Amino acid sequence: MTTTNRRIVQFTVNGNSVEVAITPRQTLLEVVRDELGLTGAKEGCSNGNCGSCTIEVDGVTINSCCALGVEMDGREVNTIEGLAPGNDLHPIQKAYMNNGGFQCGICTPGFILSTDHLLKMIPNPTEEEIRLHLAGNLCRCTGYDKIVRSVQAAAEDMNS
(Lines give C-alpha, C1' and ligand atoms only; values in the text may rest on other atoms or scores of the structure.)
Protein backbone atom coordinates (compact mmCIF):
# COMPACT_ATOMS: atom_id res chain seq x y z
CA MET A 1 0.00 0.00 0.00
CA THR A 2 1.21 3.51 -0.70
CA THR A 3 0.07 6.83 0.66
CA THR A 4 1.54 9.81 -1.21
CA ASN A 5 4.82 8.05 -1.85
CA ARG A 6 4.69 6.35 1.54
CA ARG A 7 4.26 2.69 2.38
CA ILE A 8 2.30 1.34 5.30
CA VAL A 9 4.56 -0.95 7.32
CA GLN A 10 3.34 -3.07 10.23
CA PHE A 11 5.73 -4.51 12.78
CA THR A 12 6.20 -4.98 16.51
CA VAL A 13 8.27 -2.53 18.53
CA ASN A 14 9.10 -3.36 22.13
CA GLY A 15 6.16 -5.77 22.24
CA ASN A 16 3.64 -3.33 20.75
CA SER A 17 2.18 -3.67 17.27
CA VAL A 18 2.67 -0.52 15.20
CA GLU A 19 1.58 0.60 11.78
CA VAL A 20 3.45 3.50 10.23
CA ALA A 21 3.45 5.23 6.86
CA ILE A 22 7.05 5.72 5.77
CA THR A 23 8.97 6.54 2.63
CA PRO A 24 10.92 3.69 1.02
CA ARG A 25 14.20 5.48 1.73
CA GLN A 26 13.77 6.01 5.48
CA THR A 27 16.21 4.04 7.58
CA LEU A 28 15.01 2.04 10.55
CA LEU A 29 16.82 4.58 12.74
CA GLU A 30 14.81 7.42 11.19
CA VAL A 31 11.57 5.48 11.60
CA VAL A 32 12.04 4.70 15.30
CA ARG A 33 13.30 8.18 16.14
CA ASP A 34 11.24 10.43 13.87
CA GLU A 35 8.03 8.46 13.35
CA LEU A 36 7.75 6.54 16.63
CA GLY A 37 9.48 9.00 19.00
CA LEU A 38 11.88 6.39 20.39
CA THR A 39 15.04 8.45 20.62
CA GLY A 40 17.32 6.10 22.57
CA ALA A 41 19.19 4.87 19.49
CA LYS A 42 21.49 7.63 18.26
CA GLU A 43 22.81 8.62 14.87
CA GLY A 44 26.58 8.57 15.11
CA CYS A 45 28.20 7.80 11.79
CA SER A 46 25.31 6.95 9.44
CA ASN A 47 27.36 4.19 7.83
CA GLY A 48 27.32 1.30 10.30
CA ASN A 49 30.71 1.81 11.90
CA CYS A 50 29.98 3.16 15.37
CA GLY A 51 27.09 1.10 16.80
CA SER A 52 25.31 4.09 18.38
CA CYS A 53 22.17 3.13 16.45
CA THR A 54 22.15 -0.53 17.53
CA ILE A 55 18.66 -2.03 17.63
CA GLU A 56 17.54 -5.63 17.89
CA VAL A 57 15.53 -7.08 14.98
CA ASP A 58 14.16 -10.61 15.32
CA GLY A 59 16.62 -11.31 18.13
CA VAL A 60 19.73 -10.06 16.33
CA THR A 61 21.44 -6.71 16.89
CA ILE A 62 21.85 -4.55 13.79
CA ASN A 63 22.98 -1.06 12.89
CA SER A 64 19.63 0.62 12.30
CA CYS A 65 21.22 3.35 10.17
CA CYS A 66 21.95 0.67 7.55
CA ALA A 67 18.51 -0.99 7.46
CA LEU A 68 15.46 0.38 5.72
CA GLY A 69 12.25 0.81 7.64
CA VAL A 70 10.25 -0.93 4.89
CA GLU A 71 12.29 -4.08 5.56
CA MET A 72 10.71 -4.31 9.02
CA ASP A 73 7.24 -5.30 7.79
CA GLY A 74 6.10 -8.22 9.97
CA ARG A 75 9.25 -8.25 12.08
CA GLU A 76 9.98 -7.81 15.77
CA VAL A 77 12.05 -4.76 16.72
CA ASN A 78 13.41 -4.00 20.18
CA THR A 79 14.99 -0.71 21.19
CA ILE A 80 16.66 0.43 24.39
CA GLU A 81 13.30 1.81 25.51
CA GLY A 82 11.91 -1.73 25.63
CA LEU A 83 14.73 -3.28 27.65
CA ALA A 84 13.22 -2.63 31.09
CA PRO A 85 9.57 -2.24 32.08
CA GLY A 86 8.28 1.09 33.35
CA ASN A 87 10.70 3.18 35.38
CA ASP A 88 12.80 0.22 36.53
CA LEU A 89 16.33 -0.20 35.24
CA HIS A 90 17.46 -3.47 33.69
CA PRO A 91 20.42 -5.11 35.50
CA ILE A 92 22.63 -4.19 32.52
CA GLN A 93 21.63 -0.54 32.80
CA LYS A 94 22.32 -0.62 36.55
CA ALA A 95 25.72 -2.20 35.96
CA TYR A 96 26.70 0.47 33.42
CA MET A 97 25.58 3.18 35.83
CA ASN A 98 27.35 1.67 38.85
CA ASN A 99 30.61 0.95 37.03
CA GLY A 100 31.02 4.18 35.05
CA GLY A 101 30.35 2.42 31.74
CA PHE A 102 29.09 5.59 30.11
CA GLN A 103 29.72 9.32 30.06
CA CYS A 104 28.08 11.34 27.30
CA GLY A 105 25.44 8.68 26.53
CA ILE A 106 25.62 8.73 22.73
CA CYS A 107 26.99 5.18 22.45
CA THR A 108 25.41 3.81 25.62
CA PRO A 109 22.12 2.46 24.22
CA GLY A 110 24.02 0.56 21.53
CA PHE A 111 26.47 -0.88 24.04
CA ILE A 112 23.66 -1.90 26.39
CA LEU A 113 21.66 -3.66 23.66
CA SER A 114 24.83 -5.37 22.41
CA THR A 115 25.56 -6.43 26.00
CA ASP A 116 22.03 -7.80 26.35
CA HIS A 117 22.46 -9.80 23.15
CA LEU A 118 25.85 -11.12 24.33
CA LEU A 119 24.54 -12.18 27.75
CA LYS A 120 21.62 -14.01 26.15
CA MET A 121 24.09 -16.02 24.07
CA ILE A 122 26.89 -16.34 26.64
CA PRO A 123 25.63 -15.76 30.20
CA ASN A 124 29.14 -15.67 31.70
CA PRO A 125 31.49 -14.32 29.00
CA THR A 126 35.22 -13.96 29.33
CA GLU A 127 36.85 -10.56 28.91
CA GLU A 128 37.99 -11.60 25.44
CA GLU A 129 34.43 -12.61 24.47
CA ILE A 130 33.08 -9.30 25.78
CA ARG A 131 35.64 -7.25 23.84
CA LEU A 132 35.06 -9.28 20.68
CA HIS A 133 31.25 -9.03 20.87
CA LEU A 134 31.30 -5.28 21.56
CA ALA A 135 33.87 -4.52 18.84
CA GLY A 136 31.16 -3.03 16.59
CA ASN A 137 30.38 -0.35 19.17
CA LEU A 138 32.67 2.66 19.54
CA CYS A 139 33.02 4.92 22.57
CA ARG A 140 34.93 8.17 22.44
CA CYS A 141 34.60 9.05 26.15
CA THR A 142 35.03 6.23 28.64
CA GLY A 143 37.65 3.94 27.29
CA TYR A 144 36.63 0.33 27.22
CA ASP A 145 37.78 -0.97 30.60
CA LYS A 146 34.77 0.50 32.42
CA ILE A 147 32.46 -0.90 29.77
CA VAL A 148 33.99 -4.37 30.12
CA ARG A 149 33.67 -4.13 33.93
CA SER A 150 30.02 -3.11 33.46
CA VAL A 151 29.33 -6.18 31.33
CA GLN A 152 31.08 -8.43 33.85
CA ALA A 153 29.05 -6.92 36.70
CA ALA A 154 25.80 -7.33 34.76
CA ALA A 155 26.63 -10.96 34.00
CA GLU A 156 27.40 -11.62 37.65
CA ASP A 157 24.19 -9.95 38.79
CA MET A 158 22.02 -11.70 36.22
CA ASN A 159 23.54 -15.11 37.01
CA SER A 160 23.03 -14.85 40.77
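Before reading on, note that the structure itself is shown above.
Scope of this entry: the structure provided in the associated data block.

With that settled, the discussion passes to the environment of Asp73. Along the chain, Asp73 turns up in the loop between strand 5 (60–63) and strand 6 (76–78). Separated by 35 residues in sequence, Asp73 and Thr108 place their C-alpha atoms 27 Å apart. Beyond its immediate chain neighbours, meaning those up to four positions away, Asp73 contacts Val9 and Gln10. Here Gln10 takes part through its backbone nitrogen, which lies 2.8 Å from a polar atom of the side chain of Asp73.

With that settled, consider the packing of aromatic side chains. If you walk through the whole model with that rule in mind, you get 1 aromatic pair. On the basis of an interplanar angle of 55° and a centroid distance of 6.2 Å, the ring pair of Phe111 and Tyr144 is categorised as tilted. Placement of the pair is Phe111 in helix 3 (residues 108–121) and Tyr144 in the loop between helix 4 (127–133) and helix 5 (145–159), with a sequence separation of 33 residues. You can call Phe111 buried: its relative accessible area is 1%.

Okay, helix 1 (residues 28–35) next. Taken as a whole, helix 1 has its buried residues at Leu28, Leu29, Val31 and Val32. On the buried face of helix 1, the contacting elements are strand 2 (6–13), strand 3 (16–22), strand 4 (54–57) and strand 5. Looking at the residues trailing helix 1, positive phi occurs at Gly37, about 75°.

This brings us to unusual backbone geometry. Positive phi, normally seen in glycine, also occurs at Asn14, with a value near 50°. If you trace the backbone, Asn14 turns up in the loop between strand 2 and strand 3.

Take the nonpolar core next. Counting residues in hydrophobic clusters, the biggest one holds 20 residues, and the most contacted among them are Phe11, Leu28, Ile55, Met72 and Val77. Broken down by secondary-structure element, the contributors of at least two residues to this core are strand 2, strand 3, helix 1 and strand 4. For Met72, the residues in contact, after removing those within four places along its chain, are Val9, Gln10, Phe11, Leu28, Val57, Ala67 and Val77.

Axes are the key here: two packed helices are described by the angle between their axes and the distance separating the axes. Where helix 3 contacts helix 5, the axes come no closer than 11 Å and their chain directions differ by 45°. For the element pair helix 3 / helix 5, the angle class is oblique. Two packed elements cross with a definite hand, and for helix 3 against helix 5 that hand is right-handed. Contacts from Phe111, Thr115, Leu118 and Leu119 of helix 3 reach helix 5 at Ile147, Val151, Ala154, Ala155 and Met158. In terms of residue class, the contact of helix 3 with helix 5 is built from 8 nonpolar, 1 polar and no charged.

Given 3.6 residues to a turn, an α-helix orients residues that are three or four positions apart in the same direction. Here helix 5 spans 21 Å end to end across 15 residues, near enough to the 21 Å set by a 1.5 Å rise per residue. Along helix 5, the positions that sit buried rather than exposed are Ile147, Val148, Ser150, Val151, Ala154 and Ala155. Down the axis of helix 5, the smallest arc covering the buried residues is 155°, so these residues share one side. Those residues of helix 5 hidden inside the fold are in contact with helix 2 (91–98), helix 3 and helix 4.

Scoring rules and cut-offs
Residues numbered from 1 in each chain as written. Predicted model: local features only at pLDDT ≥ 70, side-chain atom pairs only at ≥ 80, totals over all residues. Heavy atoms only, no water. Helix = DSSP H or I, 4+ residues; strand = E, 2+ residues; numbered from the N terminus. Contact = heavy atoms within 4.5 Å. Polar contact = N/O pair within 3.5 Å; in protein donor to acceptor, adjacent residues only side chain to side chain. Phe/Tyr/Trp six-rings, centres within 6.5 Å; stacked < 30°, edge-to-face > 60°. Buried < 20%, exposed > 50% of the residue type's maximum accessible area, 1.4 Å probe, protein only. Core = buried A, V, L, I, M, F, W, Y, C linked by side-chain atoms within 4.5 Å. Axes fitted to C-alpha atoms, helices over the stretch in contact; angles between N-to-C directions. Parallel < 35°, antiparallel > 145°, perpendicular 65-115°, else oblique. Left-handed = near helix turned anticlockwise from the far one by under 90°. Nonpolar A, V, L, I, M, F, W, Y, C, P; charged D, E, K, R; others polar. Expected span 1.5 Å × (residues − 1). Arc of directions from axis to C-beta.

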